[in-house]
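# Observations on chain architecture
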Amino acid sequence: MKLNEAYEPVIGLEVHAQMLTATKAFCGCSTTFGGDPNTNVCPVCLGMPGTLPVLNRRLVDFALRLGIATGCTIAPRSIFARKNYFYPDLPKGYQISQFEEPICTNGFLEIDCDDGGRKRIGITRIHMEEDAGKSIHDQSADTLVDVNRCGVPLIEIVSEPDIRSPREAYLYLVRMRQFVTYLGICDGNMEEGSLRCDANVSVRRKGAAAFGTKTEVKNMNSFRNVERALEFEINRQIRLIEDGGRVVQETLLWDAAMNAAYPMRSKEEAHDYRYFPDPDLVPVLVDEPWVAGVRSSLVELPGARRDRYAGELGLPRYDADVLTAEKEIADYFEEALAALPPQAGAAVQENAKAVSNWVMTEVLRVQGEKKVALKELPATPARLAALIGLIRGGTISGKIAKDVFAVMVESGEEPGAIVRARGLTQVSDAPAIERVVEEVLDANPAQVAKYAGGSEKLFGFFVGETMKRMGGKANPAVVNQILQRKLGERKG
Ligand SMILES: [Zn+2]
């Protein structure tokens, strides 16, 4: 969708990320997704009178991981507040969240723009909170309530209004997902609700300093939906202003099926949460050793990893981007690279490119087809490395290797065993290949004559025929060499 060039969108995003802790934020209940309704509950997360919440230390650790990774200032003291509202899926009548004193403030995330440049998107704050339950409206005439999710730990990441297009919003979300999954704090699954995003949107005439009136768009459950919803809302605001109207501050719900956003019914909109410090929870005190401990435990972040691949490993920028897009791809690649049998004289860059080619093509293609996590693929990094070793050692050709890989993916057998069992070992025996080449040339006198007459592209035809007769097992280098010689002889 084309946006009116006279206007500039101003977008800020609020991302909720569900933390991968084993237990809830303030009690010992399990956070496992998909349990029977209302089974992962206890008096604490149901808010029974007389119970007391106890903060999950792991939630603080996880918030600190992201805060440190995004260059935030870490508050030595932060507090939890009660956000009061009534809803059937909120038995306590309030949600525990951080309001005035969040744990992390003033960081940034860098995105790679389409023009090749990089842009910093400011992060206003990261705070810890608990999730509410779930109302299920579509079962029957009644609304059902599942409170399993009550108390599940979340962090909310609020960006500065630095985003200037739906595309930038998309890139920010992709990068945020990459960060939380690399850091191991969130599974990043937007469809299951582990990552949720709300957007604040306004438009202003280009060059204007003041922000326009903003609206809030909710209920976007994929990155693509965020992009589409923002395009819709930006266009709606621009049209409204162009027609002499005024944007009203309101909350809109995105309807992906209708490709439109509709205002929330006003009674669903909470106007005043009456935040106040939760009297049941002590302030969160984070000292310097705690921060230093988390900092030293941080994994290599995607940007650093990509730069290392492009630098130290000498991979093309494109390879480095694809390999580091997801932590599991990068981990698979590095494991295979480490397992590659040493070859005399091969530089690390050469090894890296060989493994990269396989991961970017066959491995990712098969993963896409099978829709499984890479660690569940029977073709493990070690087996891929062994396969590449067989090609380099001259045991099999690159073409046969693809067939072997296809078997590995199904059976999980070792590549060496597959090659032996199926008799796929490459034939480098020159006299044997020479006999077949002679047969091919004898069988195709017309093509030989044309080749002699200057149609050099027919060379590929002879290679193909020879390979076909040898079941694809002939060593291509030897085939090429013999063909050159034999064709030369016949020409002369
Ligand atoms: Zn509980």
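Right, let's walk through the structure included here. All values derive from a computational prediction rather than experimental measurement.

## Here we look at the coordination of the zinc ion
- Each protein donor to the zinc ion is listed here as Cys27 (SG), Cys29 (SG), Cys42 (SG) and Cys45 (SG); together their distances run 2.3 Å.
- Classification of the site at the zinc ion rests on its four donor atoms, whose angles at the metal span 101 to 114 degrees, yielding the label tetrahedral.
- All donor residues of the zinc ion come from one chain, and their arrangement in sequence is C-x1-C-x12-C-x2-C. No difference in accessibility class separates Cys42 from Cys45, as the two residues are buried.

## Things to note about the pattern of salt bridges
- Evaluation of the coordinates by the stated rule reveals 46 salt bridges.
- Of the charged contacts, one joins Asp280 and Arg82 as a salt bridge, the two residues approaching to 3.1 Å between their closest N and O atoms. In this pair, Asp280 is assigned in the loop between strand E15 (276–277) and strand E16 (284–285) and Arg82 in strand E4 (residues 81–84), connecting sequence segments 198 residues apart.
- Exposure remark for Asp280: the relative accessible area of 31% places this residue in the partly exposed category.
- A relative accessible area of 13% places Arg82 in the buried class.

## Points about the packing of aromatic side chains
- Considering all chains together, one arrives at eleven aromatic pairs under this definition.
- Ring geometry for Tyr85 and Tyr273: centres 5.8 Å apart, planes at 65 degrees, overall edge-to-face. Within this pair, whereas Tyr85 is found in the loop between E4 and strand E5 (94–97), its partner Tyr273 is found in the loop between strand E14 (260–263) and E15, the two being separated by 188 residues in sequence.
- Judged by its relative accessible area of 24%, Tyr85 falls in the partly exposed class.
- On the basis of an interplanar angle of 0 degrees and a centroid distance of 3.6 Å, the ring pair of Phe99 and Tyr275 is categorised as stacked. Taken as a pair, Phe99 in the loop between E5 and strand E6 (104–112) and Tyr275 in the loop between E14 and E15 lie far apart in primary sequence, 176 residues in all.
- The exposure class assigned to Tyr275 is partly exposed, which follows from its relative accessible area of 26%.
- Pairwise contacts between aromatic rings join Tyr85, Phe99, Tyr273 and Tyr275 into one cluster.
- Here the basic side chain of Arg57 rests over the ring of Trp290, its NZ or CZ set 4.0 Å away from the ring centre.
- Over the face of the ring belonging to Tyr273 we find Lys83, whose NZ or CZ atom lies 4.5 Å from the ring centre.

## What to know about the side chain of Asp131
- With respect to the helices and strands, the residue Asp131 is situated in the loop between strand E7 (118–130) and strand E8 (134–136).
- Here the side chain of Asp131 touches Arg196 through a polar contact of 2.6 Å, side chain to side chain.
- Residues contacting Asp131, with those up to four places away along its chain left out, are Gln95, Arg149, Cys150, Gly151, Val152, Leu154 and Arg196.

Quick notes on the rules
- Residues numbered from 1 in each chain as written.
- Predicted model: local features only at pLDDT ≥ 70, side-chain atom pairs only at ≥ 80, totals over all residues.
- Heavy atoms only, no water.
- Donors = N, O, S within 2.8 Å, 3.2 Å for Na, K, Ca; no water.
- Tetrahedral: all angles 85-135°; square planar, octahedral: opposite > 155°, others 65-115°.
- Buried < 20%, exposed > 50% of the residue type's maximum accessible area, 1.4 Å probe, protein only.
- Salt bridge = Lys/Arg side-chain N within 4 Å of Asp/Glu carboxyl O.
- Helix = DSSP H or I, 4+ residues; strand = E, 2+ residues; numbered from the N terminus.
- Phe/Tyr/Trp six-rings, centres within 6.5 Å; stacked < 30°, edge-to-face > 60°.
- Lys NZ or Arg CZ within 6 Å of the ring centre and 35° of its normal.
- Polar contact = N/O pair within 3.5 Å; in protein donor to acceptor, adjacent residues only side chain to side chain.
- Contact = heavy atoms within 4.5 Å.

Keep in mind that these numbers describe shape and distance, not what the molecule does.
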